[in-house]
Each structure stands twice: as C-alpha cells, then as structure tokens.
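Observations on the three-dimensional arrangement
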Amino acid sequence: MQHAMVSVATGVLSPLLGKLSALVEKEYAQLKGVRKETISLQEELRSMNALLERLAAEDDPDVQVKEWRNQIRDLSYDIEDCVDDFLRRVEHDHGSKKPDVGFFQKNISKLKALGARHDIAEKIRELKARVDDVSKRRSRYNFEGASSSAGPAAAAVPIDPRLPALYATAPGSLVGIDGPREEIIKLLTEGEGELGNTRLMVVSIVGFGGLGKTTLASEVYRELGEQFDCRVIVSVSQSPDIIKIITKILSRAKGQPSHMYDARDQQDLIEELRSYLLHKRYFLVIDDIWDKHVWEVISCAFPDNNHGSRVITTTRVESVARACCIHRRECIYKMNPLNGEDSRRLFFNRIFGSQGACPSELQEVSSKILRKCGGLPLAIITIASLLASQAGEVKEYWEYLQNSMGSIVGTDCSLEVMRQILNLSYKNLPPHLKTCFLYLGAYPEDTEVWRDDLVRQWAAEGFVGRMPVGAVGVAVNCFNELVNRSMVQPVKIDYNGEVLSCRVHDMMLDLIIRKYSAEENFLTVVEHSQEIKIRGWTHSVRRLFHLSDAAERRRDMRIAAVDIDPSKLRSFSTLGSSTLGHIPPLSELKFIRVLILEFLFPTKASDARTVNLTAICKLFQLRYLKIRSEVAMLLPTQIRALQHLETLEIVSPRKKMSIALPSDVAQLPCLSYLSILPCMASLPDDIGAMRCLRSLASIVLEENSLDIIRGLRHLTNLKELYVRVPVDDRFVETAEARVDVLYSSLPEHGDCKLYLTAWSPWAWFPVVPQWVGRLEKLYSLEIGVEELCREGVAVLAGLPALVRLDLWIRAAPREGIVIAGTGFPVLKHLIVTCRALRLTFEAGAMPRLQKLKLEFNADGAAAEQGGCDNNALAGVEHLSGLKEIYARIGGFGRRTAVSALRDAIGLHPSRPRVDIICMQGRYG
C-alpha cells in the first residue's frame, strides 16, 4: 500500500510493520534475544499482511479462513499496544531526566529503562509464540485471492459535479417526482375552502425502502409549507425515542433549543405541543414510521383544530399507513418504482450528465443493469455511481458488474434485492474506503454527519495512513469518493460544490451494521437500553459507541453494564450522557485514539454539576478529543503528555464565560485543529510555537495581549482563524488598534481564511466601523449594526475577499439599502436580518451571489418606518448567479409580503430555489 493504514481487513498490521522496523533500528532492541525475535516477528507478520490484503478481495472466504483472519487482525492490535506502551515508557523515562540530576538519579533512570526493555523482550517472546500458533493454522489452507487495490490516492478527489443535482430540490431537478408530488398535493388540497376540508388530514406515503418516500414528502413540504403558520419535518427511524421526537417537533415549531425541554416527561411534552398547535394551521411531515404504536402516541399531540392542518407520514409498513390515516384508504399513497424512461434518465444523468451521451456499445448492457435495479432510485443511483467512479467506459467492466448483480430479473422489489445491489457497491470499494465507510455505523440513524468531524476521526484512527502532514487532506478525498459513489448522501453543499455534511440512507446503514457486527467485528454500538455482554467473545472490542436518549437518562442507565476491557479501546464515544458514570474510567483508556464525550444538562437536582476530566492528561495515544458539555467541567491544567493529539474541540453551549486552555497546550507538536466554543479565555503566550495548527477557533481580541496576537504570524500552516470582536464600551476605543495588529499578524502566505464575528444579541455597533474596510483578506463577516447607511454599504462592498456576509440591522432603515453594480466581487452567501426590509439590487450587483437569506418583519408597525411593501426586494433578477433564496417573515402582514416576494423572485430568469416560511412573532 502507498501509506501504512489501519484497515477493517488487516487491522493495524500495516502501521505495525513500520513500528517494528523502527524498534529494530533503535537501541531498544539491542537487549539479548529481542532483536532476533523482533525481526522474526516482523517477517512473519509481513507475510500475513500480504495474505490478508489478498483475502480482502475475496467475495466469500471459507469460514475457517475468516476465523484465521480475525485472529491475526486481533493479534495485530495487541502487538501494536505492546510496542506503543514500551515506547511510551522509554520515552517518558528519557524525557523525565534533568540535566543536573546526580549519580543516584541517573542510575535509577537507567534501571527503569532496562526494566522496560526486559518487559518488552518477554512480551515479544509471548506474542511471537502466539503468532507461531496462528501461523500453523495458515499452512492447512491454500489461499488463492485477488490482489487488493492501492491505498488512497494522493491527488485531490473533487465532488463529481453531476452528483449534487440528484439531491437538489429545485423544480424539475428530481427524476420521476413531478407526478407523485402533484398527486399528494391534490390529496391534501382537494376541496380546500369547504367546511369539511378544514379538518385535520393525514396522508401516508407507503413503499419499499429506497423508493424515494422521504424525497417525495420533502418536495410536497417545500411546495406547500409557506401556506401554514407552523411547519416541521422530523424523522422517526427504526429505533424511535418518542420523547426525542416530540421534543424535536416542539423545539423546531417554536424556534427554541431542544435542551430547554430536557426535564419534561412524555405527557408534559405532548400537552405543551398540543397547546401550542391548538390555534395554528400546521403542516407536519413525520418520516419513516415503523410501528403504529409510535404514531398512536405522538399523534396525541396533533389537535384537530378546524384550521386546515395537514400531516404527511412515510412508512414501509402498510398497517402503519392504515393506522395513520384512520383506515381512510383514499389517503394512502403507494409509492411505485420508476418507469423505464425515468430509470434510464436517472441512470444516464448520473454517469454521463445526460441520457443522450451514452455510447451505443453500452446501451444493451445498460438495459440489463436497469432491469435488475427494478426501478428503485437508490439502487439505480448506487450502481450508476459505481460505474461513474471507474475511469473510462469499459464495456467488459459493465458486463462484469451486470453479471455480479445476480439473477433477479422479473422479481418483485424486496429487501434482499436491494441488499444485493448495495452489497455489490460495498464489495467494489477499495480496502481503505471500506474501512472509512464502516466507521459511519458509529452515527445514529438519520444523523447529519459533518465532514470535518468525520475525516479528522478517520485520520486519528489511522484509516488514511499516519503521515506527518496531509492525512486530513487524504481523508477528505476518501469522503468525496464515498459521496461520488453514492454510499452517503450529501446534505449541505457549499458555494464551491464541496459537500460539508452527509447522511447515510437507512438501507446503507443496515448494510454497515450487518458488516461490522456479523462479519468484521469492526465496532460495537450500544443503543438506548440495549445491553451487550462482551465477556467470552473471541475478539476484543476496539471501538465502542454508546448512543443514549432522554428516556434512558431518566432510567439512569450505566455504560458499566457493558462488559469490556477499556485498555483495548481505540475509539470511544458517548452521546446523551449526563455523568461520568456512563463511561469507563478515563485513566484505563490506555490506547484510546478517538474520544468523544457529551454531558447534557442534569435532569435531577441530585445529578453532578461538575464533571472531572483531569485524567485525560494520561491518555498518551489520544489523537482526537471532542467534548460537548452543558455542565461545568474540570479540565486538566497540563496536557503536554498528549504528544499525538491532533484535534482538541470543546463546546459548552450553556456557558456564558470563556473556557481556559491548559497552560501547556502550545507544547503539543501535532495539534492541528483547536476549537473552543463559544470562545477560549486567552491564547497561550507561546502560541507561535504551534506550527502544525491549521484551524483556530474562537479567540476574543479583548482577552489577548498585543504580543500574543502578534504571535499568530508564526503559524505558517494556519488555514482558518475565527475571531470575536466584543462590542462594549470598554473595548470600542481599542478595537481598531487590536484589529489592525491582528490583521498584520496573519500568516504572510495568504491562504488563511479570517472569520470575524462582531456583534452579540446585547451589543451592536452604531454603524459599520471604518476599520472593517481595511481587512482585505476577510473571508466571512458576521456583524450587527444599529443602522446601515450608504457609507456602511460602501465599506462592506469594498472587501475584495469577502465570501460570506451575515448582517444584522437593529433599526428599521430610514432609506432603502441599495447594492450597486460594483463591489462585493466574490460574495456568495448573503444573510440579512432586520426589522423591516427594503433591499434593491442594481444591474451587475453581487455577480457571484448564490445564496440569499432574508429574515424580516412585515406588518403595519414596520411599514410606518419604511418597512415591507411591494418593493421590499427589488432587482433580484439582476443577481445572475443566484441559486437559492430563503426567507423567514414575521409580523401580521406576512401573507401579503410572501406574495410580493414571490412576484419579485418570479422575475429571475434562472428560477432559483425558493423557501419561504411565515414565523410567529416579530424580529427585533
């Protein structure tokens, strides 16, 4: 392989071979017998690794071969743990020496090192004996496997530009959706205005997994949503937490954080949601219901209030659909597979960009492949993405793929057919992508997974190699490969076409779970009240993910119920816990690489209000640490022992105060991502020593000296810098000087993106400060002003590198905001939040703007101050690059404002996506 990587097929054998080589080369192995045993062990493992890589390509290896493979893979982890522990002990003893120690102390240090070497000698002999035993079993078989694929490519892998259109929601962009959408809309709106149609109506979409039920429901939701006072879409999934579902509906409907409802029980939540919806015309989409009991409970919160409210449910189970519709069969919509024409269009659009671009020699084999897909959109996209990922259009490969799909012509849609197609795509992944793909099983169903979190976890685990620099870049390539192959579905896509987050289709997640639990023993997931007894298992648990929920917290479940050996864990994650009783003792996680902890606000007065995390400083192999806590944390004061730490992220959404960093954080040589939110107390004095740092968030200028700020110039690898500028009387006078020092201290290479936040809900600048105009490298600006005048617009328009602008305007404008045809040369995302809107774009304005988001009031009070009228958004047709418009409108005149806004947008020649929501209450 190109890089030494941890693999689901070979375990840690590849990186282990490199460590054994280093061990032989150093003086550690000079002890009698150690060098010889180490070289012999290395040679044996190298042969085994080559064979395991060949076996990874086998479709269905013999059961005894699987057992041999599992034993070797598990043994490789134990050997690496042994080597890592030895190196840590030796390096620790060496590092603890002081230049002025006396004769006695020097000899004590030598004795410690000698003891460590004797230990490693004995352990290597034991491990060599285990390898010899396992090796004898190999001789009984003659394995003839295919050669494995190479590791991740070094060249950048971009997102296939044809792919985002498959997940877009612009009119006409989704294949085969128009007819079904119109039928559902007709069901929901037929007879509207008549007395009988004011009753609550439930329409249920039922069909096999992968048919596009969620896409259809989302399209109807987007089309009709603005007609309702309140609208929410929420997913239930196969393992539902009813409290969490109701909490999501309530928090999204009221626009409040979900943690505000943590202490409520099920009945309280139902009553509060019912009370809130009682006098509103609401529209809800309840996606992916598997059990009619779930519907019977949550539907208690949906009052039939004679306001014409509507609910859409989706399900795979017909009895559930009947229960949702109270056995009104006319309200059940059965999803059908795509017809032949739509199937071909979807297939060829994904591979070639259009149906007519398919070469004639591939027409016949394409038809055979499509017949086997049975009109299932997920199957078609998955197979098409697999073909699109191959270089060139080789007919032989298409025929091979078609034959590999098996004989399913003429069969009905079934779970096994879909599994067969998805499994074929999995088997065609290179080994390193299989490993990355299976790791997605750590995330709960329907979770939005952020790319940056995922790729840093892959890098920390060694899935993409242990390179000095660039591992995260290689991991991003792997992520893009999975997107291009449709193994994951894009959720958020930025202005440059990069996928920022993804979601795993539940059919794909089913495949992952079967692979890692039944076949690969790759990771272990504990969900809700489930208990897993691991004692007696043949293979040790290396990755453990605990997914808690609100109900479980009330039962005071403990992760200790799961019988594990903490010292063998490489990754551990707990989501939804409230005390340290939910996790193994931190000090026992000796070889942990990835540690993700979440502590929710305590639900009982007796719960601990502070979590003690000081033992983290002993996790010498830790590479990725993320903590999200809504309670007070006791962090270690020093973490210099974490010499491998690459990511340090601490989020405390409930804390007003900033979070203090350990005093020696600058002594971490590998730290590349440092994020403390909402902000860190201050940067370390020696911030300039953190040469590997690539992303730094979030620093407050007021709390750092000018000398510390100047130290940023030494961070030559810095790519992202997030800065907060406090707006208060103490700081306003010195803000300009500090910002100037900051700007002059940015790394000179010019690649660093500066993200600046200059406002808070309690403090606003009177106008746009003039010093903002001097920030020529400013990439993103979030700023709040009391008033936006022409001079302020000119300052912002002159920023040559500004890509994102989030503008808060407190006072209703005395005059309209006019965006001239010059300025804002690279702006792609504009957000405007104000009490009243009067925004005009002149010809040539914002030539690269793609996303426009507006939040404003529309009522008499706003109109008296020059507020929303028919010219609230004028000249939008001049925004030539515009793709999406979002509007959130409050106030009593919002219905009229929606009509005026749609008329203005209707003038745009490119028909951008439009999403308008009428909000309760007013902005400002």
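Residues numbered from 1 in each chain as written. Predicted model: local features only at pLDDT ≥ 70, side-chain atom pairs only at ≥ 80, totals over all residues. Heavy atoms only, no water.

1. Overview of the overall build of the chain
When helices and strands are counted, the chain shows 26 helices and 29 strands. Counting every position in the chain, which comprises 924 residues, the buried fraction comes to 55%. Within the chain, counting contacts between residues at least 6 apart in sequence, those at least 24 apart form 68% of the total. Only carbon and sulfur atoms are counted for the fraction: they give 50% of the accessible area of the chain, which is about 39,100 Å². (Helix = DSSP H or I, 4+ residues; strand = E, 2+ residues; numbered from the N terminus. Buried < 20%, exposed > 50% of the residue type's maximum accessible area, 1.4 Å probe, protein only. Contact = heavy atoms within 4.5 Å. Areas by Shrake-Rupley, 256 points an atom, 1.4 Å probe, with all protein chains shown as cover.)

2. Considerations on the packing of aromatic side chains
Scanning the model with the defined rule gives 17 aromatic pairs in all. Ring geometry for Phe348 versus Phe352: centroids 6.2 Å apart, planes at 25°, classification stacked. You can see Phe348 and its partner Phe352 sitting in helix H12 (residues 340–352), 4 residues apart, about one turn around the helix. This pair shows no difference in class: Phe348 is buried, exactly as Phe352 is. Aromatic pair Tyr439 and Phe545: ring centres 5.8 Å apart, planes at 90°, arrangement edge-to-face. Of this pair, Tyr439 sits in helix H17 (residues 431–439) while Phe545 sits in strand E10 (residues 543–547), placing them 106 residues apart in sequence. Each member of the pair, Tyr439 as well as Phe545, carries the same accessibility label: buried. Taken together, the ring pairs connect Phe347, Phe348, Phe352 and Trp398 into an aromatic cluster. Here the guanidinium or amino end of Lys280 rests over the ring plane of Tyr276, the centre of that ring lying 4.0 Å away. Across from the ring centre of Phe228, 4.1 Å away, lies the NZ or CZ of Arg281, which sits over that ring. (Phe/Tyr/Trp six-rings, centres within 6.5 Å; stacked < 30°, edge-to-face > 60°. Lys NZ or Arg CZ within 6 Å of the ring centre and 35° of its normal.)

3. Comments concerning the sheet that holds strand E4 (residues 310–315)
With respect to topology, 5 strands assemble into an open sheet ordered E2-E3-E4-E1-E5, the strand pairing being parallel. With one partner strand each, in any of the chains shown, strand E2 (230–235) and strand E5 (332–334) form the two edges of the open sheet. Neighbour-to-neighbour, the strand axes of this sheet turn through a mean angle of 15°, independent of strand direction. Summarising the sheet, strand E1 (residues 201–206) and E5 pair through 3 bridges and their orientation is parallel. (Pairing = 2+ DSSP bridges. Axes fitted to C-alpha atoms, helices over the stretch in contact; angles between N-to-C directions.)

4. Some thoughts on the pairing of E2
Across the 6 residues of E2, 5 count as buried, placing the element largely inside the fold. As judged from the 6 bridges shared by E2 and strand E3 (residues 282–289), these two strands associate in the parallel manner. Counterpart to Arg231 in the pairing with E3 is Phe283.

5. Quick notes on the side chain of Arg543
Mapping Arg543 onto the fold places it in strand E10. Within polar-contact distance, the side chain of Arg543 engages the side chain of Glu461 at 2.9 Å. At a separation of 3.1 Å, a polar atom in the side chain of Arg543 contacts the main-chain carbonyl oxygen of Phe522. Not counting residues up to four positions away in its chain, the partners in contact with Arg543 are Val6, Tyr77, Tyr439, Glu461, Phe463, Phe522, Leu523, Thr524, Leu569 and Ser571. (Polar contact = N/O pair within 3.5 Å; in protein donor to acceptor, adjacent residues only side chain to side chain.)

6. Observations concerning the packing of helix H6 (residues 178–189) against helix H7 (residues 213–224)
In the contact formed by H6 and H7, the axes pass within 10 Å of each other and the chain directions differ by 55°. With respect to H7, the axis of H6 lies oblique. For the crossing formed where H6 meets H7, the hand is right-handed. In this structure, H6 contributes Pro180, Arg181, Ile184, Ile185, Leu188 and Thr189 to the contact, and H7 contributes Leu216, Glu219, Val220, Glu223 and Leu224. Counted by class, the contact of H6 with H7 contains 7 nonpolar, 1 polar and 3 charged residues. (Parallel < 35°, antiparallel > 145°, perpendicular 65-115°, else oblique. Left-handed = near helix turned anticlockwise from the far one by under 90°. Nonpolar A, V, L, I, M, F, W, Y, C, P; charged D, E, K, R; others polar.)

7. Quick word on the pattern of salt bridges
One side chain can pair with another of opposite charge once the charged atoms of both are near each other. Under the defined criterion, the tally for this structure stands at 48 salt bridges. For Arg88, the salt bridge identified is with Asp85, shortest N-O distance 3.3 Å. With Arg88 and Asp85 both in helix H3 (residues 63–95) and 3 residues apart, the pair spans about one turn of that helix. Overall, the relative accessible area of 26% leaves Arg88 in the partly exposed class. (Salt bridge = Lys/Arg side-chain N within 4 Å of Asp/Glu carboxyl O.)

8. Describing the sheet that holds strand E23 (residues 817–819)
Within the open sheet, the 3 strands sit side by side as E23-E25-E27. Their pairing is parallel. This sheet does not close on itself; its edge strands, each paired only once, are E23 and strand E27 (873–874). In the sheet, strand E25 (residues 839–841) pairs with E27 via 2 bridges, with the strands oriented parallel. The residue bridging Thr840 from the neighbouring strand is Ala874, located in E27.

9. Regarding the environment of Ile326
Following the sequence through the fold, Ile326 ends up in the loop between helix H11 (318–324) and E5. Spatially, the C-alpha atom of Ile326 lies 8.5 Å from that of Val202, the residues being 124 residues apart in sequence.

10. Structural notes on the pairing of E1
The element E1 is extensively covered by neighbouring structure, given that 6 of its 6 residues are classed as buried. When E1 meets E4, the two strands line up parallel, connected through 6 bridges. Following the sheet pairing, Val203 is matched in E4 by Ile312.

11. Focus: the environment of Gly207
Looking at where Gly207 falls in the secondary structure, it is placed in the loop between E1 and H7. Among the residues examined, Gly207 registers a relative accessible area of 10% and is labelled buried. In this structure the C-alpha to C-alpha distance between Gly207 and Thr315, which are 108 residues apart in sequence, comes to 6.7 Å.

12. Observations regarding helix H13 (residues 363–373)
Burial in H13 covers these residues: Val365, Ser366, Ile369, Leu370, Lys372 and Cys373. Relative to the axis of H13, the buried residues are bounded by an arc of 160° and lie together on one face. Within two residues after H13, Gly374 carries a phi angle of roughly 65°, on the positive side. (Arc of directions from axis to C-beta.)

13. Structural notes on helix H9 (residues 266–277)
Across its 12 residues, H9 extends 17 Å between first and last C-alpha, which sits within 8% of the 16 Å expected from 1.5 Å per residue. On its buried face, H9 is in contact with E2, helix H8 (242–254), E3 and helix H10 (292–298). The N-cap residue of H9 is Asp265: its side-chain oxygen and the backbone nitrogen of Gln267 are 3.3 Å apart. (Expected span 1.5 Å × (residues − 1).)

14. What to know about the packing of H13 against helix H15 (residues 395–404)
Where H13 meets H15, the closest approach of the two axes is 10 Å, and the angle between their N-to-C directions is 25°. With respect to their mutual orientation, H13 and H15 come out roughly parallel. H15 is crossed by H13, and the crossing has left-handed handedness. Here Val365, Ser366, Lys368, Ile369 and Lys372 of H13 lie close against H15, whose contacting residues are Trp398, Glu399, Gln402 and Asn403. Partitioning the contact of H13 with H15 into residue classes produces 3 nonpolar, 3 polar and 3 charged.

15. A few points about unusual backbone geometry
Across the junction of Leu677 and Pro678, the peptide omega takes the value 15°, indicating a cis bond. With an omega dihedral of -5°, the bond running from Ala697 to Ser698 counts as a cis peptide bond. Tracing the backbone shows Ser698 in strand E18 (residues 695–700). Phi is positive for Asp446, close to 70°, though the residue is something other than glycine. When you line up the elements, Asp446 lands in the loop between H17 and strand E6 (449–450). Despite not being glycine, Met846 has its phi angle at roughly 40°, a positive value. Its location among the elements puts Met846 in the loop between E25 and strand E26 (851–857).

16. Side note on the confidence of the model for the chain
Overall, the prediction assigns the chain a mean pLDDT of 81, with 81% of residues at 70 or greater. Below pLDDT 50 for its whole length, residues 95–112 participates in 4 contacts with residues either more than four positions away or in separate chains. Across residues 550–561 the pLDDT falls below 50, and counting only partners more than four positions away or on other chains, this stretch makes 32 contacts in the model. (pLDDT = per-residue confidence, 0-100.)

17. Regarding the side chain of Asn480
Along the chain, Asn480 turns up in helix H19 (residues 471–484). Setting aside residues up to four positions removed in sequence, Asn480 forms contacts with Val157, Pro158 and Ile159.

18. A look at the state of the cysteines
A full pass over the atoms with the stated rule returns 0 disulfides. Cys331 takes part in no disulfide bond, and the closest cysteine sulfur, belonging to Cys325, lies 5.4 Å away. The cysteine Cys692 is free of any disulfide, with Cys670 supplying the nearest cysteine sulfur at 6.1 Å. (Disulfide = S-S within 2.5 Å.)

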